[in-house]
Structure formats: structure tokens, C-alpha cells
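Chains, contacts and geometry: an overview
This is what each chain is made of:
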Amino acid sequence: MKKGRRNAWAVQNMKWEENIRRVVPYVAGEQPNKPGMIKLNTNECPYPPAPGVQKLAAQLDCDRLRLYPDAHTAPLVEALAEYYRVKPGQVFVGVGSDDVISMAFLTFFNGKEPVLFPDVTYSFYDVWAELYRIPYKTCALDESWHIRPEDYKQPNGGVIFPNPNAPTGLLESLDRVEEIVRANRDVVVIVDEAYIDFGGVSALPLIERYDNLLVVQTFSKSRAMAGLRIGFCIGNEKLIGYLNDVKYSFNSYTMNLPAQVLGVEAVRDDAYFKATTARIIATRERVKGELKELGFTFPDSSANFIFASHKEIPAQKIFQALRQKDIYVRHWDKPRISDYLRITVGTDGEMDRLIAFLRDYLAETKRE
Ligand SMILES: *Cc1c(COP(=O)(O)O)cnc(C)c1O
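For clarity, every value in this text was computed on a predicted model and none was experimentally measured. (Residues numbered from 1 in each chain as written. Predicted model: local features only at pLDDT ≥ 70, side-chain atom pairs only at ≥ 80, totals over all residues. Heavy atoms only, no water.)

**Topic: the pairing of strand 5 (residues 158-162)**
For the record, the criterion: Exposure classes here rest on a 1.4 Å probe applied to the protein chains alone. A residue is buried below 20% of its type maximum, exposed above 50%, and partly exposed in between. The numbering of helices and of strands both runs from the N terminus, where a helix is a DSSP run of H or I of at least 4 residues and a strand a run of E of at least 2. Two strands are counted as paired when DSSP detects at least two bridges linking them. By the criterion used throughout, a crossover qualifies as right-handed when its path from the first strand across the helix to the second strand runs clockwise, the strands pointing away from the viewer.
Burial analysis of strand 5 places 5 of its 5 residues in the buried class, which makes it a mostly covered element. Side chains of strand 5 alternate between two faces, with G158, I160 and P162 and V159 and F161 buried alike. Relative to strand 5, strand 3 (residues 115-118) is paired through 2 bridges, and the arrangement is parallel. Across the sheet, L116 pairs through a bridge with V159, a residue of strand 5. Relative to strand 6 (residues 189-192), strand 5 runs parallel, the two sharing 4 bridges. Its bridge partner lying in strand 6, P162 is registered against D192. You can see the chain leave strand 5, run along helix 6 (residues 174-182) and come back into strand 6, and the turn it takes is right-handed.

Shown next as C-alpha cells:
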């Protein structure tokens, strides 16, 4: 083929690029898999799922995989409704809370005014807003990393924030959450409670009084099932109805059968769930003291991670040193937070190794 002709062909074909939905994707924490590594970078639970889940997983009848799963995820919806004392019609289940929140953006955020969320927060919100072409505006957290409810009293097309917030770990009081929900009765307010089980007070009781409130939770952190991808939200039946209409217009069979079956079992074992979260909270509080002794400062976390900054050594440098030792934490090269590390709370043994390494590393680095 002649050169000129090939170019013309290429240029002509590039026209399709004009109609591309261009997005800058969310960047998830890396998922290394090395023997002996300490993985404290994506807020997973360091303990296995409930014993009943492990047992059921081993007994799973593979013949059932020939068939489509229950499109309505009814047993899991019912188990969650019973556990949280709401009606099944108030529960929506999705493939991780990422799926739930993405569906909620598509369903509820269709106004002309911008959707509001904090400047420092879960970095998926702006990605979904861009993907669905939803206008949005961020509101700066105050100097102590708290949400300012006044910021959410301006004209808007909806509100979303995590409580506790990520990556700060800071919990807002239920009064503050209610203040924001009450000030926004004409739009939907989504409270992303991915970390609420680590000592926070859930906004769930407020759904009886506020039909514009949607509370989102996940099995990925406190229920030790990130690998199965289960998330859910609870709200007014009308909200859930609209969410279902969009979901069934998108893909009916999103949640696979093993996730549905094992999810129900995880909800049943409440004692294990409470024991595991209590253990993580105890480890977190212990590690806060040790990090403080080593010269770290951090907002007082109510989540399963600590957002820590060192007084003398840059976060990026500590991040690299840890990584070389196969200790993975999270660091963002972003405004306001580039001097912080988000450290997931692992087992006591893992945290002991982290602290021991940091103690030696900081002593050495300061001497240099
Ligand atoms: C982890 C996380 C999610 C998503 O979790 P899923 O695994 O998709 O359930 C949502 N919001 C926040 C704030 C999170 O940290």
C-alpha cells in the first residue's frame, strides 16, 4: 500500500474519536500478591469472613450455576431488611457499594445545579459525575478536616459524602448529618457509610423522617467480603423503586449466585461481625498511641484506617520505604493530602511489624 493512502485511511477512521465518551478512570489501590506482604492499602478486613460463609462456600452446588441468579436478590434483600429493621422495599443491593452509588448518581442526580461533595473525599465521586456528565462542585473541609454543614446550604442538584469520611477517617455527628439532610429536602442526599461499623453512628434511623435520604453501606470492609462485591443502600421505598427501575434498565442479573448465598450467611452471623469489628477498633486505638509516639499526627479516625502525617519526614518517602519492605499503604499526590499516608488497620501482628519498621526507619532517617 502506498504511504499517502494509508495515512488518509487512518485520518478518516479517527473521526470516530469525536463521539467517544472520554473519561479519566478512578485509580484503585494496587493489588499486589506477594508472599509475606503486609497489605494495608485498600481498607480490606484482615480477618476472614464468618465461619458459616467459609463452610457454605465449600458446599456450593455448582449445578446451580447453570441457571441465572435471582434478579431481585430477594433472600439477601430480606436478610438485610430484617437485620436493619426496615421493609424489603426499602433495600437495594448492588455489586459493591461502588455499583450502588454509581446507579444512585444515574438515578437521582439529573438536575441542572451542581451536586455537592467535600474536596477531600472518596475519589470515585468526581469520576462518576464526569462519566454521567453531572455538574458538581466540591466544598472544602475545614482546617480540622470536618465537613461544614453551611457549605451544603447553597443551591445544588444533590449531595453525597462518606461518614466517616475517607481518606480522613473523621466521623461527623448525627446532628450534623441531619442538618445537611434537613437543609436539602428538595434533592437526594447520599450518606456513604462504608466505614460506619467501626464505631460510628449510622444515619439509618433518619430515613423514617427524611424521604430524600439514602444510606449506603458495603460488605467489603467490616464484613470481610471485598472479593464478593456486595453493597447495599436503604432509604424511602419510593427512592428504592426509582433506583430499581434504572438498575433493571441497565443489567438485570448483576449479582452472581455465590455472592447472594454467601451474603445472606454473613448477615446471619452477627456475633462474628461484632467481634471482628471490635477487634479492629481495639487495634486501631492501640496503633494511634504508637503512631503518636513516633511523631505522626492524624485526624481521630472512626474507620478501619488512620490518615497519618509525619512531622519531619515526607509521606512520599515513608511510602516508598514501606513499599520496598512489601508493606503497602496508600498515598495520593494530590492537593492538601500529599503529606499523608492512609494506613489500613490490619491484624495486631501486622501492625506490630509496621510499627517496628517505622521505629527503625524514622530513627535512621532522622540521623542522616
Ligand atoms: C471502599 C469504599 C466504597 C466502595 O466499596 P465497595 O467495595 O464497592 O463496596 C465506597 N465508598 C467509600 C468511601 C469507600 O471507602
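On we go from here.
**A short note on the nonpolar core**
As a reminder, the rule being used: What makes a nonpolar core is a set of buried Ala, Val, Leu, Ile, Met, Phe, Trp, Tyr and Cys residues whose side-chain atoms join them at distances within 4.5 Å. Any two residues having at least one pair of non-hydrogen atoms within 4.5 Å are treated as being in contact.
In this structure, L76, L80, L213 and F219 are the most contacted members of the largest nonpolar core, which totals 49 residues. With residues up to four places along the chain from it excluded, the contact list for F219 reads L76, L80, A224, M225, A226, I230, F232, G263, A266 and V267. Counting residues in hydrophobic clusters, the runner-up holds 27 residues, among them Y122, F124, Y125 and I134.

**Quick word on the site of the ligand**
Keep this limit in mind: If even one non-hydrogen atom of a residue comes within 4 Å of a molecule or strand, that residue is called near it. Think of a polar contact as two N or O atoms within 3.5 Å of one another; within protein, one of them needs to be a possible hydrogen donor and the other a possible acceptor, and neighboring residues in sequence only count if both atoms come from side chains. Using a 1.4 Å probe, the Shrake-Rupley method yields the accessible areas, and only the shown protein chains count as cover for residues. Note on residue categories: nonpolar means Ala, Val, Leu, Ile, Met, Phe, Trp, Tyr, Cys or Pro, charged means Asp, Glu, Lys or Arg, and polar means any other residue, Gly included.
Taken together, the residues surrounding the ligand are G96, S97, D98, Y122, D192, A194, Y195, T218, S220, K221 and R229. With respect to the ligand, the side chain of Y195 contributes an N or O atom lying 2.5 Å from an oxygen atom. Taking K221, its side chain carries an N or O atom lying 3.0 Å from an oxygen atom of the ligand. For the ligand, the protein covers 92% of the area, taking 380 Å² as the surface of the free molecule. Per element, the largest residue contribution to the shell around the ligand is 3 residues, and it comes from helix 4 (residues 96-108). Residues that form the shell around the ligand fall into these classes: 3 nonpolar, 4 polar and 4 charged.

**Remarks on the packing of helix 3 (residues 74-83) against helix 8 (residues 257-268)**
Spelled out, the test is: Helix axes use the C-alpha atoms of the stretch in contact, all axes being lines fitted to C-alpha atoms, and the angles between their N-to-C directions lie in the range 0 to 180 degrees. An angle below 35 degrees is treated as roughly parallel, one above 145 as roughly antiparallel, one from 65 to 115 as roughly perpendicular, and anything else as oblique. Rotating anticlockwise by less than a right angle from the far helix to the near helix defines a left-handed crossing, while the corresponding clockwise rotation defines a right-handed one.
As a packed pair, helix 3 and helix 8 sit with axes 9 Å apart at the nearest point and diverge in direction by 15 degrees. What the angle tells us is that helix 3 and helix 8 run roughly parallel. The interaxial crossing formed by helix 3 with helix 8 has left-handed handedness. Residues P75, L76, A79, L80 and Y83 of helix 3 touch helix 8, and the partners they reach there are Q260, G263, V264 and V267.

**With respect to the sheet that holds strand 10 (residues 305-310)**
Spatially, the 3 strands line up as an open sheet ordered 9-10-12, and their pairing is antiparallel. Edge strands, defined here as strands with exactly one partner in the open sheet, are strand 9 (296-297) and strand 12 (341-344). As paired elements, strand 10 and strand 12 share 4 bridges and run antiparallel to each other. What sits directly across from I306, in strand 12, is I343. With respect to the sheet, helix 9 (residues 270-293) is in contact with strand 9 and strand 10, its orientation differing from that of strand 10 by roughly 0 degrees. Across the face of the sheet, helix 11 (residues 348-367) comes into contact with strand 9, strand 10 and strand 12 while running at roughly 150 degrees to strand 12.

**A short note on the sheet that holds strand 2 (residues 91-94)**
Pairing within the open sheet is mixed, and its 7 strands lie in the order 2-8-7-6-5-3-4. A strand with exactly one partner marks an edge of an open sheet, and here the two such strands are strand 2 and strand 4 (136-139). Ignoring which end each strand starts from, the neighbouring axes of this sheet average 20 degrees apart. The pairing of strand 7 (residues 213-218) with strand 8 (residues 231-235) spans 5 bridges and is classified as antiparallel. Pairing of V215 across the sheet is with I234, part of strand 8.

**Description of the side chain of S102**
Relative to the assigned elements, S102 resides in helix 4. Looking at S102, the relative accessible area reads 10%, which means it is buried. A polar contact is formed between the side chain of S102 and the side chain of Y132, at a distance of 2.9 Å. Those residues in contact with S102 that sit more than four places away from it in its chain are W128 and Y132.

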